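# Residue-level structural notes
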Number of protein chains: 2
Amino acid sequence: MAEVHQGRELGGPISRLPLAHVARRLQDMRNMLLYKEVKEKIIQALSEGKWQAGDKLPVESDLADMYGVSKSTIRAAVGELVDANILVRKQGKGTFVATEKVSRNLYRFFHLVDASGKRHYPVRQLLSISREAATEKTIDALQLYRYSDRDVFSIHMLFKINGRAVGRSNPCVPVALFPGLDAKEFQPDDVSLYSLYHTMYNINVIRVEANVGVSSATPAVARELGVRPQAPLLRIERIAYTYQDVPVEYRTILLDTSEIQYRIEQGSSV
Amino acid sequence: MAEVHQGRELGGPISRLPLAHVARRLQDMRNMLLYKEVKEKIIQALSEGKWQAGDKLPVESDLADMYGVSKSTIRAAVGELVDANILVRKQGKGTFVATEKVSRNLYRFFHLVDASGKRHYPVRQLLSISREAATEKTIDALQLYRYSDRDVFSIHMLFKINGRAVGRSNPCVPVALFPGLDAKEFQPDDVSLYSLYHTMYNINVIRVEANVGVSSATPAVARELGVRPQAPLLRIERIAYTYQDVPVEYRTILLDTSEIQYRIEQGSSV
DNA sequence: CAGTGGTCTAGACCACCGA
DNA sequence: CGGTGGTCTAGACCACTGA
């Protein structure tokens, strides 16, 4: 039988050497899956600008040859990049580097519904953004000891539905991860900050942890939301993480839930 | 070449007919992926009790033979069930039907933390259980039109941490799905109602939808929780679903979040 | 050691796209 | 029609488990 795939580098001269595979054998799969290695290499090539936003990648069989792996392995690697909104597959056309609008990440972790259960998509209004020293709590949440620069950009924004303010949010992100963020233009039609993080800084939020409680409105917040001072508000304190559990954003959301409610879905449908 | 896999049912008598595959060819893949079909069939077998909680499933190659597909397809199907916490894979041992304990289902959808982020596991205290006619809202949430008997069992219980009541819950379940529930003994050491649903009725909650807002305490609730009347409470209205999006429980949770907060985790770590 | 899940390969055939 | 991504197969070899 010449069917011994995994040992055939010993069998004699073969034109297409599965280099990645050989390397993996040699290092005894120290830590990473082959398709993960390929994924990292593709990310590397992307960050080096080998393929720019909107560009078409080589077809999958060519990618397989380029990286010395099978098409299935390429598909696993590319598949995760598609899940991460970094690449986009188009059947019959090819695989492309994602552009901003393509990733409809919008409100993946933030859903609002009214009493009837109907989903609402608030528009956000940027009030301010400034560079600040982080508070104790923020240092802890964002693990700022990772960086030499421990300042954060502190953003204030409002959520509005039908012109009425229903909530406000105060995201803080490490300056070290988002250099120059305060100088970027915030497009009012950007659907969410997370899509901005992705398109401008290639940082993907893949997971969030949130603590939910009740707060009463301070005078300033009451003015912003048009409620009476001391009015009870839903308070959501949320940490957003990217790969390898690196926290990238800490935000406090305050919601007036008299007309809308915060929606959570957990578990997967079968 | 005898390598034409997909057409070999035309080649003559073959011992192992890939029935699922042939069927799929015949119906021209009307809508579903093969591995999704297999997944559905496994779910069907599970809901019929073919494999009970904790049971070991046949090895993957046997499953492949049973369903007339390849091991890769079985792995795709089983993999999604593992992701959904329905099955558990153990390398070198086998694949098993998830138990509450293994899947850490207890409080899977209900986490409480204090200000320092420390997790707390409240004890629950049953106040009452009674058979009632469902309200409009409950009929809607539980889709009671599915059943001829549209009554529900309405349960009242308290959550306590260190002896102090921090919340109360009012689960309602269809009498049609949980016959005789009011006569069952509720062990105070049952970790959650969901484990009871699972062990006594073989009903697995795999997904929840929740709407979160703020309410003020009615006099009765204020007495239960030891807060002043009108005190703001976190209100969680939650529908729990089993397989095939069948709702099995509708509950309203009221929490005093002055000392604890409701914890949500979404997305998966990579 | 045998049995099991975990990873990967090579290649077949499909559905879809646009010229 | 050719090119592309999408799905599936058969089988090899690996790492892990427990007797």
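As a starting point, this report considers the structure included with it. Please read these numbers as outputs of a predicted model, since none were measured by experiment.

### A few points about the interface of chain B and chain A
- Facing the 34 residues of chain B at the interface are 30 residues of chain A.
- In this assembly, chain B packs against chain A so that about 3,200 Å² is buried in total across both faces, 47% of it on carbon and sulfur atoms.
- Here chain B and chain A share two salt bridges between them.
- A salt bridge links Arg263(B) to Glu209(A), with the nearest nitrogen and oxygen atoms 2.9 Å apart.
- Partitioned by chemical class, the residues of the side of chain B that touches chain A number 18 nonpolar, nine polar and seven charged.
- Across six bridges, the pairing between strand β11 (residues 260–267) of chain A and strand β8 (residues 207–216) of chain B is antiparallel.

### With respect to the environment of Asp149(B)
Residues and elements named next belong to chain B.
- Among the structural elements, Asp-149 can be located in the loop between α5 (136–142) and β6 (151–161).
- A relative accessible area of 24% places Asp-149 in the partly exposed class.
- Each residue touching Asp-149, except ones within four places of it in the same chain, is listed here: Arg-131, Val-175 and Ala-176.
- Side-chain polar atoms of Asp-149 contact the side chain of Arg-131, separated by 2.7 Å.
- At a separation of 3.0 Å, a polar atom in the side chain of Asp-149 contacts the main-chain amide nitrogen of Asp-151.

### Notes on the sheet that holds strand β4 (residues 119–120) of chain B
- Strand order across the open sheet formed by nine strands is β5(A)-β6(A)-β7(A)-β10(A)-β9(A)-β8(A)-β11(B)-β3(B)-β4(B), with antiparallel pairing between neighbours. Taken across any chain shown, the strands that pair with only one partner, and hence form the sheet edges, are β5 (123–133) of chain A together with β4 of chain B.
- Bridge analysis of strand β6 (residues 151–161) of chain A against strand β7 (residues 164–174) of chain A gives eight bridges, and the strand direction is antiparallel. Across the sheet, residue Met157(A) finds its bridge partner in β7(A), namely Ser169(A).

### Focus: the packing of helix α2 (residues 34–47) of chain B against helix α4 (residues 71–83) of chain B
All names here are of chain B.
- In contact at an axis separation of 8 Å, α2 and α4 are set at 55° when each is read in the N-to-C sense. With respect to α4, the element α2 is oriented oblique. Like other packed secondary-structure pairs, α2 and α4 cross with a definite hand, here right-handed. Across the interface between the two elements, Leu-34, Tyr-35, Lys-36, Val-38, Lys-39, Ile-42 and Ile-43 of α2 pack against Thr-73, Ile-74, Ala-76, Ala-77, Val-78, Glu-80 and Leu-81 of α4.
- For the contact of α2 with α4, a count of residues per class yields 10 nonpolar, one polar and three charged.

### Let's talk about the pattern of salt bridges
- Taken as a whole, this structure holds 30 salt bridges over all chains when the rule is applied.
- When the shortest N-O distance is used, the salt bridge between Arg164(B) and Asp256(B) registers 3.0 Å. Here Asp256(B) lies in the loop between β10 (246–255) and β11 (260–267) and Arg164(B) lies in strand β7 (residues 164–174), a separation of 92 residues in the sequence.
- Under the relative-accessibility criterion, Arg164(B) is labelled partly exposed at 29%.
- Asp256(B) sits in the buried class, given a relative accessible area of 6%.
- The salt bridge involving Arg263(B) is made with Glu265(B); its shortest N-O contact spans 3.3 Å.
- Using a relative accessible area of 15% as the deciding quantity, one classes Arg263(B) as buried.
- Each of Arg207(A), Glu209(A), Asp245(A), Arg263(B) and Glu265(B) takes part in a single network of salt bridges with overlapping partners.

### Some details on the environment of Phe186(B)
- Relative to the helices and strands, Phe186(B) resides in the loop between β7 and α6 (193–201).
- Taking C-alpha positions, Phe186(B) is 8.4 Å from Leu196(B), a pair spaced 10 residues apart along the chain.

### Overview of the nonpolar core
- Membership of the largest hydrophobic core comes to 68 residues, with the highest contact counts inside it found for Leu181(A), Leu234(A), Tyr262(A), Leu181(B), Leu234(B) and Tyr262(B).
- Here Leu181(A) is in contact with Ile129(A), Phe153(A), Ile155(A), Val173(A), Phe186(A), Leu196(A) and Tyr201(A), once residues within four sequence places are set aside.
- Counting 22 residues, the second-largest nonpolar core is a separate cluster that includes Ala45(B), Tyr67(B), Val97(B) and Tyr243(B).

### A few points about the side chain of Ser215(A)
All names here are of chain A.
- With respect to the helices and strands, the residue Ser-215 is situated in strand β8 (residues 207–216).
- A relative accessible area of 19% places Ser-215 in the buried class.
- At 2.3 Å, the side chain of Ser-215 forms a polar contact with the side chain of Arg-235.
- With sequence-adjacent residues up to four places away left out, Ser-215 is seen in contact with Ala-231, Pro-232, Leu-233, Arg-235 and Leu-254.

Basis of the calculations
- Residues numbered from 1 in each chain as written.
- Chains lettered and ligands numbered in written order.
- Predicted model: local features only at pLDDT ≥ 70, side-chain atom pairs only at ≥ 80, totals over all residues.
- Heavy atoms only, no water.
- Contact = heavy atoms within 4.5 Å.
- Buried area = accessible area lost by both parts, 1.4 Å probe.
- Salt bridge = Lys/Arg side-chain N within 4 Å of Asp/Glu carboxyl O.
- Nonpolar A, V, L, I, M, F, W, Y, C, P; charged D, E, K, R; others polar.
- Pairing = 2+ DSSP bridges.
- Helix = DSSP H or I, 4+ residues; strand = E, 2+ residues; numbered from the N terminus.
- Buried < 20%, exposed > 50% of the residue type's maximum accessible area, 1.4 Å probe, protein only.
- Polar contact = N/O pair within 3.5 Å; in protein donor to acceptor, adjacent residues only side chain to side chain.
- Axes fitted to C-alpha atoms, helices over the stretch in contact; angles between N-to-C directions.
- Parallel < 35°, antiparallel > 145°, perpendicular 65-115°, else oblique.
- Left-handed = near helix turned anticlockwise from the far one by under 90°.
- Core = buried A, V, L, I, M, F, W, Y, C linked by side-chain atoms within 4.5 Å.

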